[in-house]
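The residues making up each chain are set out below.
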Amino acid sequence: SLKNSSITVDPRRILAPVDERIYSGFVEHLGRCIYGGLVDYNKTPKTKVNGKRHREDVSKAIKDLKMPVVRWPGGNFVSSYHWIDGVGARENRPRRPELAWLGEESNQFGTDEFIEWCHEMKVEPYFCLNMGTGTLDEALGWIEYCNSTANTYYANLRRKNGHPAPYNVKYWGLGNEVWGDWQVGQMTKEDYAKKAAEWAKAIKLLDPNVQLISCGCTGLDNWDHHVLDKLINWVDMHSIHMYTAHDEYIKNVTAPAAAETAIQVTKNLIDLATIQHPPKANGVNSLEADSKKKVKICFDEWNIWDPTRADGTKGAEEKYTLSDALAIASWLNVFIRQSESLGMCNIAQLVNVIAPIMTNDSTVFLQTTYWPLMLFSNYMRDGHALDLHVETKMYTGATGINDGSYKWIQGKFGVTLLDVSAVKKIGSDTIYIAIVNRSEDEEANTKIDFHTKISGIHAWELYHDDVLASNSFETPDKVVLKENDCQIIQNEDKSVNFTFQKHSFTLLEVKY
Ligand code: AHR
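1. Observations regarding the side chain of Thr-254
Locating Thr-254 in the fold gives a position in helix H7 (residues 249-254). On the basis of relative accessible area, Thr-254 is assigned to the buried category, the value being 0%.

Take a look at the structure:
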């Protein structure tokens, strides 16, 4: 039962290195994410902006998340985006109809502005290509503009626009959610795989240093099977998307189990495709000949999102509760446990749109979901995931998610109420253990067996009496972290007893 839970932590039981890119982000030209979020182009903003008109309050909140990579410009937006509209003198850039969210795009924030923002934020850019209304020629032009040092048209255009050095954009996505019926340029899996392979070949001939990411579905779909089967030797990562959310507390906090299933299934599809299509020794490109390459999963859209709940007119501005923050912590536990298969994960999104950071004309507030993200990203990195043994009460009721087509996807049967992951740091005697007590009303008396002598434990805790508590501009500190050094009384068998409050998230820093 929860009252008698136990966690066994053995620092020798290493699962896999944690790739810090699992803490990456995503910003889209949707609602107030870019304009009013990342940047404030008003002549007399109430917010403090730097010379580039980046909002300083937002920049600070993002920098504290230590994100390695940020994906841009969409999302659905990219399927009718022409990058050429967003470069050159800003007063000459055309306003265009925007077909994904039925708005207008001013093109004031384009490639050069995004790269400039990435440099200031110290994040690497990840661009998604327009495979809707866009052409291969246009995609090649964009890659040449960003990465080429040759004396050719688009490389020279970048120089003419004031940027002599190449941007070396490494990550390029081959379209976004091309399978969705909301997409301009929706394709069948067969048509997509054929077209994406052609694009990949040309892109690799132009720039063999880029990493390509195939457009997947949820990872649980025939789309993923087919696309991986055809593209396995052309791509470095395969993208999957999933959003979870439920009005019922227990379903909300256990739904990330569906993401764990999705990662495991996708990993198996990658293994199957790799076995069935061994790389050719004399392939068209160097990638095809690289037999050591292992395709990883790029979970490049994930979050808590119920589009019917979030205020759509304002552009998916979700208001997150403590329950949602616990779900985010469980998502991140999934990523740690499955780190062997994950090359990158991008929370969708970063500011205002289904986001941990919210702005108005004069200030920001941090949503409940910001806190687990910040703790994981700062501490659960530069190390190896550990294989834990957890004994606790199970939740055996229904859980799962609505996928993009609003089909119910059943999660795992039997989900632990105490959800745990751990990372052993490289080069230091420190282990971080992340614990979500998903029970709504029971505390968890837990014996943690450390196998070794412990010298100190520090704890951060996210808790509020009300699972529906949320932060706002008026009450920005309703749900925030508390931290303290723990009194350690280590039992003879090297275990320590802890009590994890009902519906709480705790991160333990354990020094041994
Ligand atoms: O992140 C919001 C939207 O969700 C993205 O534009 C799209 O890719 C997904 O459907």
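2. Focus on the sheet that holds strand E1 (residues 5-8)
The sheet built from four strands is open, its strands ordered E16-E1-E23-E26 with mixed pairing. Here the strands that pair on one side only, and so sit at the sheet edges, are strand E16 (389-391) and strand E26 (495-500). In this sheet, adjacent strand axes meet at a mean angle of 20 degrees when their direction is disregarded. The pairing of E1 with E16 spans three bridges and is antiparallel. Each bridged residue has a counterpart across the sheet, and for Ile-7 the counterpart in E16 is Val-390.

3. Structural notes on the pairing of strand E7 (residues 124-128)
Of all the five residues making up E7, four are buried; the element is thus mostly covered by neighbouring parts of the structure. One ladder, built from four bridges, connects strand E4 (residues 69-72) with E7; its direction is parallel. In the strand pairing of E7, Arg-71 is matched with Tyr-126. Of the pairings in the sheet, the one linking E7 to strand E8 (residues 171-174) comprises three bridges and is parallel in character. Looking across to E8, one finds that Cys-128 is bridged to Gly-173.

4. Quick word on the pairing of strand E12 (residues 342-348)
By the criterion of burial, E12 is predominantly enclosed, with seven of the seven residues buried. Relative to E12, strand E11 (residues 296-304) runs parallel, the two sharing four bridges. The partner of Phe-299 across the bridge, within E12, is Cys-345.

5. Overview of helix H10 (residues 322-337)
Within an α-helix, residues lying three or four positions from one another point in the same direction, as the helix has 3.6 residues per turn. Given a rise of 1.5 Å per residue, 16 residues ought to cover 22 Å, and the 23 Å separating the end C-alpha atoms of H10 matches this to within 8%. With 15 of 16 residues buried, H10 is to be regarded as a mostly interior element. Measuring from the side-chain oxygen of the N-cap residue of H10 to the backbone nitrogen of Ser-323 gives 3.3 Å; that N-cap residue is Thr-321.

6. Comments concerning the sheet that holds strand E24 (residues 456-462)
If you trace the seven strands from one edge of the open sheet to the other, you get E2-E15-E21-E22-E27-E24-E25, paired in antiparallel fashion. Each having just a single partner strand, strand E2 (14-17) and strand E25 (481-485) make up the two edges of the open sheet. Strand-to-strand twist across the sheet, computed as the mean angle between neighbouring axes with direction ignored, equals 20 degrees. Sheet topology places strand E15 (residues 383-386) next to strand E21 (residues 418-425); three bridges connect them, and they run antiparallel.

7. Details of empty space enclosed by the protein
Evaluated as defined, the whole model comprises six cavities of 30 Å³ or more. Its volume calculated, the second largest cavity comes out at about 70 Å³. Taken together, Val-78, Tyr-81, Trp-83, Leu-129, Asn-130, Gly-134, Thr-135, Glu-138, Ala-139, Trp-142 and Trp-199 make up the lining of the second largest cavity. With three residues, the single largest contributor to the lining of the second largest cavity is helix H3 (residues 136-147). A per-class count over the lining of the second largest cavity returns seven nonpolar, three polar and one charged.

Conventions and cut-offs
- Residues numbered from 1 in each chain as written.
- Predicted model: local features only at pLDDT ≥ 70, side-chain atom pairs only at ≥ 80, totals over all residues.
- Heavy atoms only, no water.
- Helix = DSSP H or I, 4+ residues; strand = E, 2+ residues; numbered from the N terminus.
- Buried < 20%, exposed > 50% of the residue type's maximum accessible area, 1.4 Å probe, protein only.
- Pairing = 2+ DSSP bridges.
- Axes fitted to C-alpha atoms, helices over the stretch in contact; angles between N-to-C directions.
- Expected span 1.5 Å × (residues − 1).
- Polar contact = N/O pair within 3.5 Å; in protein donor to acceptor, adjacent residues only side chain to side chain.
- 1 Å grid on protein atoms, 1.4 Å probe; cavity = no way out; pocket = protein on both sides within 12 Å on 5 of 7 lines; lining within 4 Å.
- Points joined across faces, edges and corners; volume = space filled by probe spheres on them.
- Nonpolar A, V, L, I, M, F, W, Y, C, P; charged D, E, K, R; others polar.

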